[in-house]
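# Structure assessment
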Amino acid sequence: MIDTHCHLDGEEFAEDLEAVIARAREAGVEAIGVPGIDLKSCKTVMELCRRYPDYCFPMLGLHPEEVRDDWKEVLNAIAPMLSEVIAIGEVGLDFYWSREFEEAQLQAFEEQVRWSVEMRLPLMIHCRKAQNEMLHILKRYKEELPGGVFHCFTGNTIEAQELLQFDHFVLGIGGVLTFKKSKLPETLLEAVPLERIVLETDAPYMAPVPMRGQRNEPAFVAHVRRKLAEVYGVSEETVDRVTTANVQRIFPSIVNKS
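Structure report, in brief. As the structure is a computational prediction, the values presented were derived from the model and not from experiment. (Residues numbered from 1 in each chain as written. Predicted model: local features only at pLDDT ≥ 70, side-chain atom pairs only at ≥ 80, totals over all residues. Heavy atoms only, no water.)

## Examining the sheet that holds strand β8 (residues 197-199)
With respect to topology, eight strands assemble into an open sheet ordered β1-β2-β3-β4-β5-β6-β7-β8, the strand pairing being parallel. Looking at the sheet topology across the chains shown, the edges are occupied by β1 (2-3) and β8. Of the strand pairs in this sheet, strand β3 (residues 56-60) and strand β4 (residues 87-94) are connected by two bridges, and their pairing is parallel. Counted as the bridge partner of Met59 is Ala87 from β4. (Pairing = 2+ DSSP bridges. Helix = DSSP H or I, 4+ residues; strand = E, 2+ residues; numbered from the N terminus.)

Structure (structure tokens):
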């Protein structure tokens, strides 16, 4: 298994990071993607990934909830750090809580999409209550985009189809799949081939059943894998093989390292 999205640099893991990594390895997690969300975390992500080379892989970007009026200065500071990353992320749009910085979010996201095109680095995209606006931007670059992940997909069949029109993108599926009232199992089976899915935890958030309510961690991705196998009627080994191949297709920097 590969956990494509885990905030391992967060303070939630400061006290027992070594044990968390050990449990991930024991559970069968072969690689972890670690996204940055602002300038401070981009630095901590790089430090962590240098500490665990060929196991933790950095992605850097400005998260939409962290966008403020100084977004240009922040991106200018992040840009020189991109030579060592496997992706641009976590980036995107989020109008769930507020549209105060809507225009800044749109501009910051498009600038980072341009980074993806120019540097041939895939995107790790966060989108909440903004799919139409996100698609409007992405469609401008549809033929040039190298690919990426629509992180934490929880949408319906129509939304899945809209995202999968981008041929080199996949959907990141995490703990929500296991929630009792989730409609995601039906949506995936109806609209999303397993070849368009990667595993993720979004740890320390969104722990899957039966760990819901606890701090999430990479080892718990096994519960997502188990539920995906149930949904698609295949073995857990098949889910491992297919989703890992998907990761290596989207993030070629991980090939031969995981």
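## Overview of the nonpolar core
Residues Leu8, Ile32, Cys56, Leu138 and Leu188 are the most contacted members of the largest nonpolar core, which totals 80 residues. Contact partners of Cys56, with chain neighbours within four places excluded, come to Leu8, Ile21, Ile32, Val34, Leu48 and Cys49. Val170, Val198, Ile250 and Phe251 belong to the second largest nonpolar core, which has 14 residues in total. (Core = buried A, V, L, I, M, F, W, Y, C linked by side-chain atoms within 4.5 Å. Buried < 20%, exposed > 50% of the residue type's maximum accessible area, 1.4 Å probe, protein only. Contact = heavy atoms within 4.5 Å.)

## Some points on unusual backbone geometry
In this chain, Gly89 is followed by Glu90 through a cis amide linkage whose omega measures 25 degrees. With respect to the helices, strands and loops of the structure, Glu90 is situated in strand β4. Residues Val209 and Pro210 are joined by a peptide bond in cis, for which omega reads 15 degrees. Mapping Pro210 onto the fold places it in the loop between β8 and α8 (221-232). Positive phi is not limited to glycine here, since Arg120 has a value of about 55 degrees. Along the chain, the position of Arg120 falls in the loop between α4 (102-119) and β5 (123-128).

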